[in-house]
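Secondary and tertiary structure notes
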Amino acid sequence: ASGRTLPVCTSPPKAAATGKRVGIIGGGPGGLTAAYYLSLKGHRVTVVDAMPQMGGMLRYGIPEYRLPKRVLDEEVAEIASLGVEMKNNFRIGRDVTFEEFKNSYDAVVLAIGAWESMPIGCPGEELDGVMGGIDFLRQVAMGEKPAIGDQVAVVGGGNTAMDACRTAVRLGAKEVYVVYRRTEAEMPAEQLEIDEAREEGVIYKFLTNPAEIIGENGRVKEIKLQVMELGEPDESGRRRPVEVPGSEFVMELDTVIMSLGTSPNPLISSTTKGLDTNKWKCIIADENNGKTTKEGVYAGGDAVTGAATVILAMGAGKAAAKGIDEYLSAK
């Protein structure tokens, strides 16, 4: 209306070529951010990813209604335009060993994310119709339409649980429940997501926890829920949920989606020597520069912190790029 045109955003100029090569495993927000900054420093960068397209959780974990994929495609294309080489459907341990990959580059970034859904540990979780939250979202993002039936329960209280329950609504489920063992006040999901899910018809079952998933002919039929109450605070500072004896009740269900958190793919840590991980299978790395316990190997994002946010992964990718640039400059 004003007649003014918006300025065109361009990347900063690239530094002169250094002759150094950096390999990045993982094309999600952390890996792509590291690739962007390393390329600007003049390094030759290659990003490999196991999925058909770049983007990681941005593409396969965040639903279309929250992040249009055309926007992501534009961002990926901009990074590629800097000369970053991108290889998809490339798996460490299948196409090449980690050591072979590492030996092809002057430095390596592990930005593999956290794609393994955590089990809940209750009887019946092996039944057909029980799936992980991130697995469910990935199937939908890849154009599949999982047969979830009419009645769906999503177990968990984080943003992935919110994405899963709202996606189930969009797939046509008639009744979608969120089962969470604490109260709404303790839910780690963004309040906006909680409210919008409720507006879309999602029913919350607070202070409940799965005690057993009951099947018939190998498929989910019901879920037995244990009523909880809040006790003393645990190590996180939140009041610990404790069982109310004799309070179980049963609900009929077609699908149970477990959104209890994720951990990194154990394949990476199991195929590398000299790379330390913690008890949650996360890679141990310096948060300031991404340096791991293996020389020339840097890491960041969910592979280090566990499932967190996109902006934290991007920040870690930038920090790793800075650390690698300093490392290569000193070689």
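Read on for a plain summary of the structure. Position numbers for residues start from 1 in each chain and track the written sequence from start to end. Local features in this predicted model are restricted to residues whose pLDDT is 70 or higher, and side-chain atom pairs enter the listing and the counts only when it is 80 or higher, whereas totals over whole chains, interfaces and linings include all residues. As a rule here, side-chain values cover all heavy atoms of the structure and leave hydrogens and water aside.

**Brief notes about the sheet that holds strand β16 (residues 297-299)**
Across a sheet, paired strands are connected by hydrogen bonds in the backbone, their directions being either parallel or antiparallel. Only when DSSP finds a minimum of two bridges between them are two strands counted as paired. Helix and strand definitions here come from DSSP, where helices need a minimum of 4 consecutive H or I residues and strands a minimum of 2 consecutive E residues; each element is numbered from the N-terminal end. One open sheet holds the five strands; their spatial order is β3-β2-β1-β4-β16, and the pairing between them is parallel. A strand with exactly one partner marks an edge of an open sheet, and here the two such strands are β3 (85-87) and β16. Neighbour-to-neighbour, the strand axes of this sheet turn through a mean angle of 20 degrees, independent of strand direction. Where strand β1 (residues 21-25) meets strand β4 (residues 107-110), four bridges bridge the pair, whose relative direction is parallel. If you follow I25 over to β4, its bridge partner there is L110. The angle between two axes is taken between their N-to-C directions and runs from 0 to 180 degrees, where each axis is a line fitted to C-alpha atoms and a helix contributes only its stretch in contact.

**Regarding the packing of helix α5 (residues 133-141) against helix α6 (residues 159-170)**
The geometry of α5 relative to α6 is characterised by a closest axis approach of 9 Å and an angle of 45 degrees between their N-to-C directions. On the basis of their axis angle, the class for α5 and α6 is oblique. Like other packed secondary-structure pairs, α5 and α6 cross with a definite hand, here left-handed. Taking contact as the criterion, the partners of G133, I134, F136, L137 and V140 in α5 are, on α6, T160, D163, A164, T167 and A168. Ten residue types, Ala, Val, Leu, Ile, Met, Phe, Trp, Tyr, Cys and Pro, are classed as nonpolar, four, Asp, Glu, Lys and Arg, as charged, and the remainder, Gly among them, as polar. In terms of residue class, the contact of α5 with α6 is built from six nonpolar, three polar and one charged. Oblique is the label for every angle not falling under 35 degrees (roughly parallel), over 145 degrees (roughly antiparallel), or within 65 to 115 degrees (roughly perpendicular). Each crossing gets its hand from how the near helix is turned against the far one by less than a right angle, where anticlockwise is left-handed and clockwise is right-handed. Residues count as neighbours in contact if any of their non-hydrogen atoms are within 4.5 Å of one another.

**Concerning the sheet that holds strand β8 (residues 175-180)**
Pairing is parallel across the open sheet formed by five strands, whose spatial order is β6-β14-β7-β8-β9. Both outer strands of the open sheet, β6 (130-132) and β9 (203-206), are each paired with one neighbouring strand and no more. Pairwise comparison of adjacent strand axes, ignoring direction, gives a mean angle of 20 degrees for this sheet. When strand β7 (residues 151-155) meets β8, the two strands line up parallel, connected through five bridges. When the bridges of β8 are listed, A153 appears paired with Y177. The strands that α6 touches are β7, β8, β9 and β14 (255-258); relative to β8, the one it contacts most, it runs at about 165 degrees.

**Here we look at the packing of helix α1 (residues 29-40) against helix α10 (residues 310-330)**
The geometry of α1 relative to α10 is characterised by a closest axis approach of 7 Å and an angle of 40 degrees between their N-to-C directions. In the crossing of α1 with α10, the sense of the turn from one axis to the other is right-handed. Here P29, G30, T33, A34, Y37 and L38 of α1 lie close against α10, whose contacting residues are V310, A313, M314, G317, K318, A321, I324 and D325. Across the contact of α1 with α10, the residue classes tally to nine nonpolar, three polar and two charged.

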